[in-house]
Amino acid sequence: MKHEDAPKPDQNSGLTRRDFIKISGVGVAVPLAFGPTVVRAAGEDVEVLGPGKAPISLMVNGKKLTAEFEPRVTLLDALRDTFNLTGAKRVCDRGTCGACTVLLEGKPVYTCMVLAIDAQGKKITTIEGLTEGDALTPVMQAFVDHDAQQCGFCTPGFVVATTHFLQQHPNPTPDDIRRGLSGNFCRCGTYDGIRAVALSKSTGASLTGESDGTVREGGSL
Amino acid sequence: MSEYQWPNPATRPLLGKKISRVDGPIKSSGRAK
């Protein structure tokens, strides 16, 4: 059938079925593609991002880092896979072991349990941000001196947790240490050394990091 | 068979000595990958 033979649209309507579908499609697609969707949640207007990638800025160790992430990406994946900050380790990936611990607004968090999109605008301090260059902090050096590590997967998380713990508890008791560091696991079983680190770095102890490696009274779990 | 005599503890190069792990610093600083 020739094109000229095709049935003509009703000239009275001014709108063909094909035109209607085109207009409807554009009307739906334009807001989705170019305009953020805002929903009302908990009494606030919340911008909905995704499911595709969205630009996200993170303040990590005093530097503003920007990349595009899908909203489902965790802070741990963002740090390790995109920003090459591999100090935080992925071990359990379910908020149990603490190997991925970083400081978020000064508080230790499991980064495998925090979405990168939720960490926007918050101060993030990873273990790389605790020191500059190859220098070790006193707590890091104490982990070496007390042999408080073996395979090393849990060590960065423990260093971050211990550093924060000692800031909050300058002169802890062994029970304080036991409770304060209970959010981190070491499957190699170096807990004695880790507790020795915390005790040696307390205000009442020598800050030189020198120790005979023994844990004081009540220091064993 | 003669009885083996261990060296004097003060002159032993390894046994009884405190030896730090060579990979300790990079592990505790998070630089180990």
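As the structure is a prediction and not an experimental result, all values here were calculated from the model. Just so you know, the residues in each chain are numbered from 1, in the order the chain's sequence is written. Numbering of ligands from 1 and lettering of chains from A proceed in the order in which they are written. Per-residue local features are limited, in this predicted model, to residues with pLDDT of at least 70; the limit for side-chain atom pairs, both in listing and counting, is 80 or more; totals at the level of whole chains, interfaces and linings are taken over all residues. Based on all heavy atoms of the structure, the side-chain values leave hydrogens and waters out of the count.

1. Topic: the domain arrangement of chain A
Accessible area lost upon the coming together of the parts serves often as the stated size of an interface. Residues and elements named next belong to chain A. The condition that has to hold: How far each domain reaches was decided by an automatic or database domain assignment. Should any heavy atoms of two residues lie within 4.5 Å, those residues are considered in contact. In this description, buried area is defined as the sum, over both parts, of the accessible area (probe of 1.4 Å) that is lost when the two are combined. By definition, a salt bridge exists where a carboxyl oxygen of Asp or Glu is found within 4 Å of a side-chain nitrogen of Lys or Arg. We call two N or O atoms a polar contact when they sit within 3.5 Å, provided that within protein one can donate a hydrogen and the other can accept it, with sequence-adjacent residues counted only if both atoms are side-chain atoms. Each helix is a run of H or I in the DSSP string that is no shorter than four residues. Each strand is a run of E no shorter than two, and both are numbered from the N terminus. Classes in brief: Ala, Val, Leu, Ile, Met, Phe, Trp, Tyr, Cys and Pro nonpolar; Asp, Glu, Lys and Arg charged; the others, Gly included, polar.
One can read the domain layout of chain A as domain 1 (54-128) and domain 2 (131-208). Inter-centroid distance (C-alpha atoms) of domain 1 to domain 2 is 22 Å. Taken together, the contact pairs 16 residues of domain 1 with 12 residues of domain 2. Taken over both partners, the interface formed by domain 1 and domain 2 buries close to 1100 Å², and the fraction arising from carbon and sulfur atoms is 65%. Per-residue buried area on domain 1 facing domain 2 is highest for Cys97, Thr101 and Ile127; these three make up 38% of the total on that side. Between the two partners, domain 1 and domain 2, sit zero salt bridges. Taken together, the links from domain 1 to domain 2 amount to four residue pairs in polar contact (both at pLDDT 80 or more). Of all elements in the fold, only β5 (101-104) and β6 (107-110) reach the threshold of two or more residues within the side of domain 1 that touches domain 2. Partitioning the side of domain 1 that touches domain 2 into residue classes produces eight nonpolar, five polar and three charged.

2. Quick look at the packing of aromatic side chains
How two aromatic rings sit relative to each other is set out by the distance from centre to centre and by the angle between their planes. Worth spelling out the cut-off: Aromatic contacts are taken between Phe, Tyr and Trp rings whose centres are within 6.5 Å, Trp giving its six-membered ring; a plane angle under 30 degrees counts as stacked, one over 60 as edge-to-face, and the others as tilted. Buried, partly exposed and exposed residues are distinguished by accessible area as a fraction of the type maximum, computed with a 1.4 Å probe on protein chains only: under 20%, between the cut-offs, and over 50%, respectively.
Under the counting rule described, the total for this entry stands at three aromatic pairs over all chains. With centroids separated by 6.4 Å and ring planes inclined at 75°, the aromatic side chains of A:Phe158 and A:Tyr191 adopt a geometry described as edge-to-face. Here A:Tyr191 lies in helix α6 (residues 191-200) and A:Phe158 lies in helix α4 (residues 155-168), a separation of 33 residues in the sequence. By relative accessible area, A:Phe158 is classed as buried at 1%. Under the relative-accessibility criterion, A:Tyr191 is labelled partly exposed at 22%. Centroid distance B:Tyr4 to B:Trp6: 5.4 Å. Interplanar angle 90°. Geometry classified as edge-to-face. Each member of the pair, B:Tyr4 as well as B:Trp6, carries the same accessibility label: exposed.

3. Structural notes on the interface of chain B and chain A
Taken together, the contact pairs 11 residues of chain B with 21 residues of chain A. Taking both sides of the interface into account, the surface hidden between chain B and chain A amounts to around 1300 Å²; carbon and sulfur atoms contribute 45%. When residues of chain B are sorted by the area they lose upon contact with chain A, B:Arg21, B:Lys27 and B:Ser28 head the list and together hold 43% of the total. Applying the counting criterion to the chain B and chain A interface returns two salt bridges. Between B:Arg21 and A:Asp147 there is a salt bridge, with its nearest N and O atoms 2.6 Å apart. Linking chain B with chain A are eight residue pairs in polar contact (both at pLDDT 80 or more), by the criterion used here.

4. What about helix α3 (residues 138-145) of chain A?
Within α3(A), six of the eight residues are buried, which leaves it mostly tucked inside the rest of the structure. Three or more residues of α3(A) are buried, namely A:Val139, A:Met140, A:Ala142, A:Phe143, A:Val144 and A:Asp145. Packed against the buried residues of α3(A) are α4 and α6 of chain A together with α1 (24-28) of chain B. Among the residues trailing α3(A), A:Asp147 stands out with phi positive, at a value near 50°.

5. What to know about the nonpolar core
Residues and elements named next belong to chain A. Short version of the rule: By nonpolar core is meant a set of buried Ala, Val, Leu, Ile, Met, Phe, Trp, Tyr and Cys residues that side-chain atoms within 4.5 Å join together.
Counting 23 residues, the largest nonpolar core has Leu58, Phe69, Leu75, Ala119 and Ile124 as its most contacted members. At the level of elements, β3 (54-60), β4 (63-69), α2 (75-82) and β5 are the ones that each hand at least two residues to this core. At four residues, α2 tops the list of elements feeding residues into this core. The contacts of Ile124, once residues within four sequence positions are left out, are Leu58, Met59, Val60, Asn61, Leu75, Val102, Leu103, Leu104 and Ala119. Among the nonpolar cores identified, the runner-up in size contains 21 residues, and Ala161, Leu166, Ile194 and Ala198 belong to it.

6. Section: a nonpolar patch on the surface
Note the cut-off: Residues forming no salt bridge and having over 30% relative accessible area are the ones grouped into patches, like charges within 9 Å of each other and nonpolar side chains (Val, Leu, Ile, Met, Phe, Trp, Tyr) within 5 Å. Accessible surface area values rest on a Shrake-Rupley calculation with a 1.4 Å probe, where residue burial reflects the displayed protein chains alone.
A surface patch of nonpolar side chains, amounting to about 420 Å² of accessible area, comprises A:Leu15, A:Phe20, A:Ile21 and A:Ile23. Examined against the element boundaries, A:Ile23 turns out to sit in helix α1 (residues 17-34).

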